[in-house]
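Residue-level listing of the chains:
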Amino acid sequence: MGRNDPWNKAGQGRSHYDAIVIGSGMGGMTAAAMLAKLGKEVLVLEQHYVPGGFTHAFSRKGYTWDVGVHAVGEVTHHSMTGRLLHHLTDDRLQWASLGPVYDAFHWPDGVDIDFPDNPSDFRSNLVAAFPDEERAIDAYLLKVREVAAAMKMYYLARVGPRRLAPFTDKLVGGKAQAFLQERTQDVIADLTDNPQLQAVFAAQWGYYGSVPSRSSFAMQALVVKHFLHGGYYPVGGSENIARQLLQTVADCGGWTRIRADVDEIVLTNGRATGVRLQDGEALTAPIIVSAAGVGQTVRRMLPESVRHDGWANDVRRLPPASAHVCLYIGFKGDIREAGASSANQWFYNTWDMEDDAWDVDPDAAELPEASCLYTSFPSLKDPEYDPGDEVRHTGEVVTFVPFKAFSRWTDTDWKKRGDDYEAFKQRMQDKLLQQLLKNMPGLEPFVDYVELSTPLSTDHFCRPTMGSIYGLEPTPERFATRWLRPKSPIDGLYFAGSEVTTVGVLGAMMGGVLAATAVEPRAAMALLKGM
């Protein structure tokens, strides 16, 4: 924490604000910055010792890694979301392109397919790989565009008055709802019976954490549309997102407090009027925005008197998306020589997109290979990164795992989970590193430091449901749940983040936009029209 950071532990010495935002992930920061731009003095509360949620970064042994920002689309002035981000940060937050290829896929039998930064080349690459499937490819891309167009009305329907939700969801957002209720595998199977093309169509399911047989096709289509013009990375690193959005909050009279763990949302005569922290401190505001996830708000923060209301039970029944492990690697030397680049590398050892998790057993002496490795080199993405005299670089390897494999340690404390946990982590760490070096052997002489995070690490620092980096699984059932909207059934309580909208950094951002719009509909709509 630096001297000029727009956050601290102590706060500003005041207990009342125009609005309180719980959680400083992308949704919470966006809601706070947008409300600040609309004239509100906002207090952001973050339980971690650093803000940013899944946009934060951490350092070890002279290396710094991001934890959740690997590629973001639609952040330039050519998109509304990009223009809004520039406005909310007063143009302080800049983005660097990952280059002509943002994702490179490597399949069994030596099949490699690049996902490039423009729609024309994307289509060409697919057709080159599957020349007999041109018709199916064109139909797929058309469907993607149809979904993207329909989702604009879906977002508008979500900010309508709660009592009108059954009508606005059907009349305003009805077309999008139809797409949201289609499953990815059903749509893809209707387009082609080629199993390899089906796999390529669904290959980016790792960006939302739900396999084709379970996921909503709208979510898959939105990911494709999101990256049609390439991927980007924040200049200055992922932690710069929090620095710039929260600076806006501070510039407008608000503040962000870290290590501020909310114990309960306080209700007065049925209305949200404040929060109580774990240490007993009370803070008040007429507007409470929870960006901690709708599911986690229901489970952890609602008073007992309403925690089991019908709507809360409906939310509680929704399953989370997949949990994950991440291998953080520090390198010494120019890793470009080994094939590393700013593009993300996906290493699949199967064409089966239903293989949803690495089969890790804590009691097994030997672990199998993971079916997919998602590999990112953040130091090669940031144009401001200085590798120094030792030419230090960073890499990350992500794969999904079943949360139940870690269940025996869920009641243990960070760094005090026991020798059996550490041994399990070491086996996973060794296997993932071995598998990475099998795919990129030139990296081996550069490896200097290795560390593994597990779903329990994710739960400790960010507190999602069952360690899920994506929150609630984006299934048709999730999108049919009418309570996942910015205005909660409790007066004065609003929800922000990806569970209100769709998965990912920009999905969470839009969840923040909708929360601010639900709080101040006229002023927010005027701001958005100006974008």
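Here the structure is shown first, and the text comes after it.
Criteria and thresholds
Residues numbered from 1 in each chain as written. Predicted model: local features only at pLDDT ≥ 70, side-chain atom pairs only at ≥ 80, totals over all residues. Heavy atoms only, no water. Pairing = 2+ DSSP bridges. Helix = DSSP H or I, 4+ residues; strand = E, 2+ residues; numbered from the N terminus. Buried < 20%, exposed > 50% of the residue type's maximum accessible area, 1.4 Å probe, protein only. Contact = heavy atoms within 4.5 Å. Polar contact = N/O pair within 3.5 Å; in protein donor to acceptor, adjacent residues only side chain to side chain. Patch = residues over 30% accessible without salt bridge, like charges linked within 9 Å, V, L, I, M, F, W, Y side chains within 5 Å. Areas by Shrake-Rupley, 256 points an atom, 1.4 Å probe, with all protein chains shown as cover. Salt bridge = Lys/Arg side-chain N within 4 Å of Asp/Glu carboxyl O. Lys, Arg positive; Asp, Glu negative; His and termini not counted. Charge placed at Lys NZ, Arg CZ, Asp CG, Glu CD. Phe/Tyr/Trp six-rings, centres within 6.5 Å; stacked < 30°, edge-to-face > 60°. Lys NZ or Arg CZ within 6 Å of the ring centre and 35° of its normal.

Visitor: Can you break down the pairing of strand S3 (residues 57-60) residue by residue, with the values?
Guide: A regular strand places its side chains on the two faces of the sheet in alternate fashion. Examined bridge by bridge, S3 and strand S4 (residues 63-66) share four bridges and lie antiparallel to one another. What sits directly across from Phe 58, in S4, is Trp 65. Where S3 folds back on S4, the antiparallel hairpin that results is connected by two residues, among which Lys 61 adopts a positive phi of roughly 50 degrees.

Visitor: Describe the environment of Thr 501, listing the residues and the values that go with them.
Guide: Mapped onto the elements, Thr 501 comes out in the loop between strand S19 (493-495) and helix H17 (505-519). Residue classification places Thr 501 among the buried positions, given a relative accessible area of 1%. It is 25 Å that separates the C-alpha atoms of Thr 501 and Asp 261, two residues lying 240 residues apart in sequence. Ignoring any residue separated from it by four or fewer positions in sequence, one finds Thr 501 in contact with Tyr 155, Arg 478, Phe 479, Gly 507, Met 510, Gly 511 and Leu 514. A polar contact of 2.6 Å, which involves the side chain of Thr 501, links it to the backbone oxygen of Gly 507.

Visitor: Give a description of a negative patch on the surface that names residues and reports values.
Guide: Where like charges cluster on the molecular surface, the negative patch consists of Asp 352, Glu 354, Asp 355, Asp 359 and Asp 361. Here Asp 355 lies in the loop between strand S15 (344-348) and strand S16 (372-376). By relative accessible area, Asp 355 is classed as partly exposed at 33%.

Visitor: Describe the packing of aromatic side chains, naming the residues involved and giving the relevant values.
Guide: The final tally for this structure, using the stated rule, is 29 aromatic pairs. Their ring planes at 80 degrees and their centres at 5.2 Å tell us that Tyr 207 and Trp 346 sit as a pair that is edge-to-face. Of this pair, Tyr 207 sits in the loop between helix H8 (195-201) and helix H9 (217-226) while Trp 346 is found in strand S15, placing the two residues 139 residues apart along the sequence. Judged by relative accessible area, Tyr 207 falls into the buried class, the value being 12%. The exposure class assigned to Trp 346 is buried, which follows from its relative accessible area of 2%. Considering the side-chain rings of Phe 331 and Phe 377, the 6.3 Å spacing of their centres and the 45 degrees angle between planes classify their relative orientation as tilted. Here the residue Phe 331 occupies a position in strand S14 (residues 323-332), and Phe 377 occupies one in the loop between S16 and strand S17 (392-401), the gap between them amounting to 46 residues. When its relative accessible area of 0% is taken as the criterion, Phe 331 is described as buried. Among the aromatic side chains, those forming a connected cluster through ring pairs are Tyr 102, Phe 105, Trp 107, Phe 115, Phe 122, Tyr 207, Phe 227, Trp 346, Tyr 348, Trp 351 and Tyr 374. Taking the ring centre of Tyr 63 as reference, the NZ or CZ of Arg 392 above it sits at 4.4 Å.

Visitor: Go over the pattern of salt bridges, please, and point to the residues and values.
Guide: Enumeration according to the criterion identifies 27 salt bridges in this entry. With a shortest N-O distance of 3.4 Å, Arg 92 and Asp 90 are connected by a salt bridge. The exposure class of Asp 90 is partly exposed, given its relative accessible area of 41%. When the shortest N-O distance is used, the salt bridge between Asp 363 and Arg 408 registers 3.1 Å. With Asp 363 in the loop between S15 and S16 and Arg 408 in the loop between S17 and helix H14 (419-439), the pair connects residues that are 45 residues apart, well separated along the chain. For Asp 363, a relative accessible area of 59% translates into the label exposed. Taken together, the shared-partner salt bridges connect Lys 37, Asp 90, Arg 92 and Asp 251 into one network.

Visitor: Please provide a residue-by-residue account of unusual backbone geometry, values included.
Guide: In this structure, Glu 74 takes a positive phi of about 55 degrees despite not being glycine. By the element assignment, Glu 74 lies in the loop between S4 and helix H2 (80-88). The class of Glu 74 is partly exposed, set by a relative accessible area of 23%. With a phi angle near 70 degrees, Lys 415 is a residue other than glycine that sits in the positive phi range. Structurally, Lys 415 can be placed in the loop between S17 and H14.

Visitor: Which residues make up the pairing of strand S6 (residues 101-106), and what values go with them?
Guide: Buried residues dominate S6, accounting for five of its six residues. Two elements, S6 and strand S7 (residues 112-116), share five bridges in a ladder whose sense is antiparallel. Looking across to S7, one finds that Ala 104 is bridged to Asp 114. In textbook terms, the turn of a hairpin is the stretch between consecutive antiparallel strands, and for S6 and S7 this stretch comprises five residues, one of which, Asp 109, has a positive phi near 65 degrees.

Visitor: Got a sec to walk through the environment of Tyr 155? Specific residues and values, please.
Guide: The residue Tyr 155 is located in helix H4 (residues 134-158) in this model. What makes Tyr 155 buried here is its relative accessible area of 16%. Setting aside its immediate chain neighbours within four residues, Tyr 155 contacts Leu 222, Thr 501, Thr 502, Met 510 and Leu 514. Looking at Tyr 155, its side chain comes within polar contact range of the side chain of Thr 502, at 3.4 Å.

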